[in-house]
Amino acid sequence: QVQLVESGGGLVQAGGSLRLSCAASGNIFGGNTMAWYRQAPGKQRELVAAITSGGSTNYADSVKDRFTISRDNAKKMVALQMNNLKPEDTAVYYCNLVLYSSGRYWGKGTLVTVSS
């Protein structure tokens, strides 16, 4: 059973920073991709950033040069450093894990609110 637990959300003023963390537990073997998605009120869930087990990264255009995704394979953790936050970054942020051998898993989400 794979579980993902996010932490680090909260309220921040525009221009500020937050760091999200996601801890994975369970049977995680082989190639995988860990990612952060977000869902704003009334909008579809969208990919924010992803990182493969080999370290390759991918970012949404809207967060490039502001957000940085990183992972610690030994600790089974992924983090998202968010700088220069904007009100449009307000959303529930979800941790996602894709195990190439067995499927996709989601955390319950953490709320990020950016005030103007």
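1. Digging into the packing of aromatic side chains
Working step 1: If you walk through the whole model with that rule in mind, you get 2 aromatic pairs.
Working step 2: For the ring pair Tyr-94 and Trp-106, a centre distance of 6.4 Å and an interplane angle of 90 degrees mean the geometry is edge-to-face. Remark: Trp-106 occurs in strand β10 (residues 103–106) and Tyr-94 occurs in strand β9 (residues 91–99); sequence separation between them is 12 residues.
Working step 3: Here Tyr-94 falls in the buried class, since its relative accessible area comes to 14%.
Working step 4: Put simply, the rings of Tyr-37, Tyr-94 and Trp-106 pair up and form one aromatic cluster.
Working step 5: Stacked on the ring of Tyr-94, the Lys or Arg Arg-45 has its end atom at 3.7 Å from the ring centre.
Working step 6: Seen from the ring of Trp-106, Arg-45 lies directly overhead, with NZ or CZ sitting 4.6 Å from the centre.

2. Structural notes on the pattern of salt bridges
Opposite charge on two side chains makes pairing possible when the charged atoms of those side chains draw close.
Working step 1: For the structure on display, the rule yields 4 salt bridges.
Working step 2: Among the ionic pairs, Asp-61 bridges to Lys-64, the shortest N-O distance being 3.2 Å.
Working step 3: By relative accessible area, which is 65% here, Asp-61 ends up exposed.
Working step 4: With relative accessibility at 43%, the residue Lys-64 sits in the partly exposed group.
Working step 5: A single network of salt bridges, built from pairs that share partners, joins Arg-38, Glu-46, Arg-66 and Asp-89.

Reading the values: the criteria
Residues numbered from 1 in each chain as written. Predicted model: local features only at pLDDT ≥ 70, side-chain atom pairs only at ≥ 80, totals over all residues. Heavy atoms only, no water. Phe/Tyr/Trp six-rings, centres within 6.5 Å; stacked < 30°, edge-to-face > 60°. Helix = DSSP H or I, 4+ residues; strand = E, 2+ residues; numbered from the N terminus. Buried < 20%, exposed > 50% of the residue type's maximum accessible area, 1.4 Å probe, protein only. Lys NZ or Arg CZ within 6 Å of the ring centre and 35° of its normal. Salt bridge = Lys/Arg side-chain N within 4 Å of Asp/Glu carboxyl O.

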